[in-house]
Amino acid sequence: MAKERRRAVLELLQRPGNTRCADCGAPDPDWASYTLGVFICLSCSGIHRNIPQVSKVKSVRLDAWEEAQVEFMASHGNDAARDTYESKVPPFYYRPTFSDCQLLREQWIRAKYERQEFTHPDKQEPYSAGYREGFLWKRGRDNGQFLSRKFVLTEREGSLKYFNRNDAKEPKAVMKIEHLNATFQPAKIGHPHGLQVTYLKDNSTRNIFVYHEDGKEIVDWFNALRAARFHYLQVAFPGASDADLVPKLSRNYLKEGYMEKTGPKQTEGFRKRWFTMDDRRLMYFKDPLGLPGLCPQDAFARGEVFIGSRESGYTVLDGLPPSTQGHHWPHGITIVTPERRFLLACETETEQRAWVEAFRKVVDRPMLPQEYAVEAHFKHKP
């Protein structure tokens, strides 16, 4: 009898909607919440265990199932749960996947089932009101320590500001929503709630690194920034659909890591730098967070390379020119632009392959009209 019940649950996994985790979309879920009626992956089951007042989980294959539990799963399932618990998800709200960090997946699950934010839209005010202010821990540029700073996000002004003192009348920095990106970087920042905010200042890329001890708070900030971007883009592109705009709200970097580089004359030695591929901008820094204490420019990228499309004369080559000297790492990459060649070297062949793949994805993609303007700016940089 127990085997028959387990077999019945396994058969439910084949139903449409149940073949992927209800929360992160991972394939082949083999756990279930028998109080919510959803099939989930092992990773998400661990999050469900932390909200036992809402969700109780079992292994589909290993645990014993009662007849009433099997019937409950059969009458519910992932599609039915989605219709209930995700009925009013705002288009700008970030829906995490299995490749996203633990924090995003946990807060998505808590928002759905514990706080029921997507069945009661009045609970979405923290990230949908168009204005948000509060304190975040921000990494200092000079000493690398995190200090509490007041942040104000206002859609009306189209900006995110932060202040160095509570009573300061003028902000330390104003970041325009138009050019802002936010992405969670827990490993890089050294905190599970670490958020990297990137913006343009004088057309150069600038990063700030922040976190909040409360996971809900920092994810609310993240979605408030996405909401502000969404509403800005709706005005900027009035004919665009939500599906067109949502991918532009925030983006994860295509690739990050250390490579060696040499200068434009290709005669000086190679130096190890931290590289970040952000869409068509390849930026490099002294280290992942910008080395503190050297000069005011440390929070800025030390250099940027625009990578256009193949049709515009950009290519990526394996290896370095035969005459190249001074590189310590053996696995070279040459980026060819209409103006010059950029020589890079990776420590391992695996890293080289990953970088070349990232570069070629960008080069193989046709350029958008607005990207030609960005390219023109790079060409006229001193």
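It should be emphasised that the depicted structure is a prediction, and the values quoted were computed from it without experimental measurement.

1. A closer look at the side chain of glutamate 117
Here comes step 1: With respect to the helices, strands and loops of the structure, glutamate 117 is situated in the loop between helix 5 (102-114) and helix 6 (125-128).
Here comes step 2: Given the relative accessible area of 2%, glutamate 117 is considered buried.
Here comes step 3: Separated by 2.7 Å, the side chains of glutamate 117 and tyrosine 127 make a polar contact.
Here comes step 4: Look past the residues within four positions of glutamate 117 in its chain and what remains in contact with it is Tyr93, Ala111, Lys123, Gln124, Tyr127 and Lys216.

2. Re the environment of glutamine 116
Here comes step 1: Note on placement: glutamine 116 falls in the loop between helix 5 and helix 6.
Here comes step 2: Counting along the chain gives 225 residues from glutamine 116 to arginine 341, while the straight-line C-alpha distance between them is 53 Å.
Here comes step 3: Once you skip the residues sitting within four places of it in the chain, glutamine 116 turns out to touch Tyr85, Arg110, Ala111 and Lys123.

3. Digging into the UniProt feature "domain: PH" (unreviewed entry) in the chain
Here comes step 1: Under the UniProt annotation, "domain: PH" (unreviewed entry) lies at residues 129-230 and 252-364.
Here comes step 2: Between the C-alpha atoms that bound residues 129-230 there is a distance of 13 Å. The span itself is 20% helix and 45% strand.

4. A look at the pairing of strand 5 (residues 146-154)
Here comes step 1: Of the strand pairs in this sheet, strand 4 (residues 131-139) and strand 5 are connected by 9 bridges, and their pairing is antiparallel. Residue pairing across strands places glutamate 133 opposite valine 152, the latter belonging to strand 5.
Here comes step 2: The hairpin turn running from strand 4 into strand 5, its antiparallel successor, is 6 residues long, and glycine 144 in that turn takes a positive phi close to 75 degrees.
Here comes step 3: Of the pairings in the sheet, the one linking strand 5 to strand 6 (residues 159-163) comprises 5 bridges and is antiparallel in character. The residue bridging valine 152 from the neighbouring strand is lysine 161, located in strand 6.

5. Points about unusual backbone geometry
What you tend to see is this: most non-glycine residues have negative phi, and most peptide bonds are trans.
Here comes step 1: Even without being a glycine, aspartate 28 presents a positive backbone phi close to 55 degrees.
Here comes step 2: If you trace the backbone, aspartate 28 turns up in the loop between helix 1 (2-12) and strand 1 (31-33).
Here comes step 3: Residue classification places aspartate 28 among the exposed residues on the basis of a relative accessible area of 65%.
Here comes step 4: Phi is positive for glutamine 116, which is not a glycine, with a value near 50 degrees.
Here comes step 5: With a relative accessible area of 26%, glutamine 116 lands in the partly exposed category.

6. Some details on the sheet that holds strand 17 (residues 341-346)
Here comes step 1: Strand order in the open sheet formed by 7 strands is 14-13-12-11-17-16-15, with antiparallel pairing between adjacent strands. Each edge of the sheet is formed by a strand with only one pairing partner; in this case those strands are strand 14 (303-306) and strand 15 (315-318). The mean angle between the axes of side-by-side strands here comes to 35 degrees, regardless of whether they run parallel or antiparallel.
Here comes step 2: The sheet contact formed by strand 11 (residues 255-261) and strand 17 spans 2 bridges and is antiparallel. What sits directly across from lysine 261, in strand 17, is leucine 344.

7. What about the pattern of salt bridges?
Here comes step 1: Applying the stated criterion across every chain yields a total of 24 salt bridges.
Here comes step 2: With a shortest N-O distance of 3.0 Å, glutamate 349 and arginine 353 are connected by a salt bridge. Of this pair, glutamate 349 and arginine 353 both sit in helix 10 (residues 349-363), separated by 4 residues, roughly a single helical turn.
Here comes step 3: By relative accessible area, which is 40% here, glutamate 349 ends up partly exposed.
Here comes step 4: Where salt bridges share partners, they join Asp23, Glu86, Arg95 and Lys112 into one cluster.

8. Side note on the sheet that holds strand 4
Here comes step 1: The strand order across the open sheet formed by 7 strands is 7-6-5-4-10-9-8, and the pairing between neighbours is antiparallel. Of all the strands in the sheet, just strand 7 (173-176) and strand 8 (181-184) have a single pairing partner and so form its edges. Direction aside, neighbouring strands of the sheet carry axes that sit 35 degrees apart on average.
Here comes step 2: By the bridge criterion, 7 bridges tie strand 9 (residues 195-201) to strand 10 (residues 204-211) in an arrangement that is antiparallel. When the bridges of strand 10 are listed, leucine 195 appears paired with valine 210.
Here comes step 3: Each of strand 4, strand 5, strand 6, strand 8, strand 9 and strand 10 touches helix 8 (residues 215-236); the most contacted strand, strand 4, lies at about 120 degrees to it.

What counts, and at which threshold
What you see as residue numbers is a count from 1 along each chain, following the sequence as written. Local features in a predicted model are, by the rule used here, given only for residues with pLDDT of at least 70; side-chain atom pairs are given and counted only at 80 or more, and totals for whole chains, interfaces and linings are based on all residues. To get the side-chain values, all heavy atoms of the structure are used, and hydrogens and water are removed first. Numbering of helices and strands runs from the N terminus, with a helix taken as a DSSP run of H or I at least four residues long and a strand as a DSSP run of E at least two residues long. Residue exposure (1.4 Å probe, protein chains only): buried if accessible area is under 20% of the type maximum, exposed if over 50%, otherwise partly exposed. Each polar contact in these results corresponds to two N or O atoms within 3.5 Å; when the atoms are within protein, one needs to be able to donate a hydrogen and the other to accept it, and residues that are neighboring in sequence are counted only if both atoms are side-chain atoms. Throughout, a residue-residue contact means that at least one pair of heavy atoms, one from each residue, lies within 4.5 Å. UniProt positions are given in the numbering used here, feature names are shortened, and annotations may be inferred rather than shown by experiment. Two strands are counted as paired when DSSP detects at least two bridges linking them. In this analysis, axes come from line fits to C-alpha atoms, helices being fitted only over the stretch in contact, and the angle between any two N-to-C directions falls in the range 0 to 180 degrees. When a carboxyl oxygen of Asp or Glu lies within 4 Å of a side-chain nitrogen of Lys or Arg, that pair is called a salt bridge.

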